[in-house]
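# Commentary on secondary and tertiary structure
Here's the letter readout for the chains.
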Amino acid sequence: MNKIAAIVGGGVIGGGWAARFALMGWDVRVFDPDPEAQRKIGEVVAGAERALPMLYDAPMPARGTISFHTDLAEAVAGAAYIQESVPERLELKHKVLAAIQAACSPESVIGSSTSGFKPSELQQGAARPGQIVVAHPFNPVYLLPLVELVPGDDADEPIFEQACDILRAIGMYPLHVQAEIDAHIADRFLEAVWREALWLVNDGIATTEQIDNAIRYGFGLRWAQMGLFETYRVAGGEAGMRHFMEQFGPCLKWPWTKLMDVPEFTDELVDLIAGQSDAQSGHMSIRQLERLRDNNLVAMLRALKGQEAAAGKLILDHEATMQQPLVDEVPLITVRRKVPVDWVDVNGHMNEGRYGQVFSDASEAVMTHVGADRAYIAAGHSYFTAETSIKYLAETLVGEDILVETRVTLGDGKKLRLWHEMKRAADGEMLASCDQFLLHVSLATRRSCPPLADVRDAVERLARLHAGASEGPAPRAPRDI
Ligand SMILES: NC(=O)C1=CN([C@@H]2O[C@H](COP(=O)(O)OP(=O)(O)OC[C@H]3O[C@@H](n4cnc5c(N)ncnc54)[C@H](O)[C@@H]3O)[C@@H](O)[C@H]2O)C=CC1
Ligand SMILES: C[N+](C)(C)CC(=O)CC(=O)[O-]
């Protein structure tokens, strides 16, 4: 299978798909008749380039190309994955899907971003119905992993499997929706909440800002990490879900919602809502709001990563597939990454504590390289850092690509000394240096001891290889420990 994706319809959602595929190493071809499409996608890709790599504490794959095509057939021919993201009108989707099928390989996956149409509706009159699946993403597609994958009854099994594999490979979470239904799963919730919110504004109960506050200071935070049922299970106390249902079941019969109805979109209601929304957020442009949203999402997803929970666990698992083994070279490139938004301090640059983290990651990469990896540590041996001296040489800013070059300046028995240079990838400027001294330890006694033979040999071999090539300080006499 090649790594070519065709994006048909390059608006808000198509642009997000294009960015995610390209940043995950796919070559992307876009077809969109709008003369402004290239500019609009450029804006989305710029936002994605800034935000998506911040989720990962690993080097990203080499970015794929994005090309723009005036001929749909040319864009889709030979693409392994095709995503349709044209406006939500069934007759338009039928026309576009027919044109795609006339030009693409029968083996390609055709995903549709449709928010509400069922696969059987999209497949009506199609040349190969089983090739078309609903692949409904969430905005921004380049940060949110969920994609509702609805194959429908006529789905072609290999196409569906391939869709799952490709979506996982680009870091997404394909949720298999077994039975087709209007608006799939998630949009049903969104619409219920949206409907209720419209009533609250319409009836003068709450403003748009109060409704947003009710979500973001409360249940919105819960939903991001536990969803609905797990949250309510906890809310039931020690007796869990049963008690929760017993206590709150009767409320469902009380007039707590107006979900069966929707207020008329009169000019007055549209003016009221748009006016309140302007008053609430009109001081920021849409691009500024997008950047704020992306920063917050990155910070939240990174927090979930730290807890190995929910979408954070998904990113961790995906990251593990992206790690490349170190190449035995002088210097070793031990870290390649982007500075994420949650590493910035009040001075607007990378906080000093994060330099320690970068150099610690660099040392861990060396440890793995010499065989002191997770299995070695689990078997009771490791290295502890005994001394670190960091020099901060230039400011490191959020979003910058950085790398660390590491030289082994001493590898002698239980002693390991490393010289790290952190550089800006764009121009090679040195941002910080670090002289680090580590001692091999037994995790049973928590005291220093010689490494096992393989690790000792690997460390000593690296030290010989790096001797003379060092740009770091002259090795000092190791401390007597
Ligand atoms: N905006 C959202 O929050 C979400 C939208 N979706 C779904 O994604 C799809 C696209 O929605 P948006 O990106 O929001 O719309 P959009 O209006 O931002 O973009 C649609 C794009 O399709 C292009 N287009 C129109 N006719 C075309 C044709 N014949 N061939 C190729 N391109 C054509 C337009 O020029 C435009 O750039 C819809 O099915 C929508 O339901 C899914 C998830 C979220
Ligand atoms: C409003 N919407 C129906 C287009 C929303 C979606 O389909 C998903 C999302 O990103 O909220």
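Residues numbered from 1 in each chain as written. Chains lettered and ligands numbered in written order. Predicted model: local features only at pLDDT ≥ 70, side-chain atom pairs only at ≥ 80, totals over all residues. Heavy atoms only, no water.

On to the overall build of the protein, then. Across its full length, the protein carries 16 helices and 14 strands. With respect to the principal axes defined by its C-alpha atoms, the protein has extents near 80 × 55 × 45 Å. Here the protein holds 481 residues, and 44% of them are scored as buried. Within the protein, contacts between residues at least 6 apart in sequence are counted, and of these 71% link residues at least 24 apart. With the model as given, the accessible surface of the protein reaches about 24300 Å², and the carbon-plus-sulfur share is 56%. Between the averaged position of the 46 positive side-chain charges in the protein and that of its 66 negative side-chain charges there is a distance of 7 Å. (Helix = DSSP H or I, 4+ residues; strand = E, 2+ residues; numbered from the N terminus. Buried < 20%, exposed > 50% of the residue type's maximum accessible area, 1.4 Å probe, protein only. Contact = heavy atoms within 4.5 Å. Areas by Shrake-Rupley, 256 points an atom, 1.4 Å probe, with all protein chains shown as cover. Lys, Arg positive; Asp, Glu negative; His and termini not counted. Charge placed at Lys NZ, Arg CZ, Asp CG, Glu CD.)

Quick look at the site of ligand 2 now. As a structural note, the neighbourhood of ligand 2 is formed by Ser115, His136, Pro137, Phe138, Asn139, Asp187 and Leu190. Here Ser115 contributes a side-chain N or O atom positioned 2.8 Å from an oxygen atom of ligand 2. Note that an oxygen atom of ligand 2 is positioned 2.9 Å from one of the backbone N or O atoms of Asn139. Summarising the interface, the protein chains cover 53% of the accessible area of ligand 2, which totals 320 Å² for the free molecule. (Near = heavy atom within 4 Å. Polar contact = N/O pair within 3.5 Å; in protein donor to acceptor, adjacent residues only side chain to side chain.)

All right, on to the pattern of salt bridges then. A side chain with one charge may pair with a side chain of the opposite charge, provided their charged atoms come close. Considering all chains together, one arrives at 30 salt bridges under this definition. One network of salt bridges, in which partners are shared, links Asp57, Arg302, Lys305, Glu319, Arg337 and Asp342. (Salt bridge = Lys/Arg side-chain N within 4 Å of Asp/Glu carboxyl O.)

Another point: the side chain of Arg20. Here Arg20 is to be found in helix 1 (residues 12-23). In this structure, Arg20 is buried with no salt-bridge partner, the nearest side chain bearing the opposite charge being Asp294 at 11 Å. The contacts of Arg20, once residues within four sequence positions are left out, are Val141, Tyr142, Leu143, Leu144, Pro145, Ile170, Gly171 and Met172.

According to the domain assignment, the protein consists of domain 1 (4-176), domain 2 (186-304) and domain 3 (325-466). Contacts between the two partners involve eight residues from domain 1 and, on the opposite side, nine residues from domain 3. Interface area, domain 1 with domain 3, both sides summed: about 590 Å², of which 62% is carbon and sulfur. Looking at the side of domain 1 facing domain 3, the largest losses of area belong to Met54, Asp57 and Pro59, adding up to 65% of the total buried there. (Domains from an automatic or database assignment. Buried area = accessible area lost by both parts, 1.4 Å probe.)

This paragraph deals with the environment of Leu403. When you line up the elements, Leu403 lands in strand 11 (residues 401-412). What makes Leu403 buried here is its relative accessible area of 15%. For Leu403 and Glu421, which are 18 residues apart along the polypeptide, the C-alpha to C-alpha distance reads 8.3 Å. Discounting residues that sit within four places of it in the chain, Leu403 has contacts with Ile333, Val335, Arg336, Glu421, Met422, Lys423 and Ala425.

Here the focus is the sheet that holds strand 6 (residues 132-137). Here we have eight strands laid out as an open sheet, ordered 3-2-1-4-5-6-7-8, and mixed in their pairing. Only two strands of the sheet have a single partner each, and these edge strands are strand 3 (66-69) and strand 8 (173-176). Across this sheet, the average inter-strand angle for adjacent strands is 25 degrees, counted without regard to direction. (Pairing = 2+ DSSP bridges. Axes fitted to C-alpha atoms, helices over the stretch in contact; angles between N-to-C directions.)

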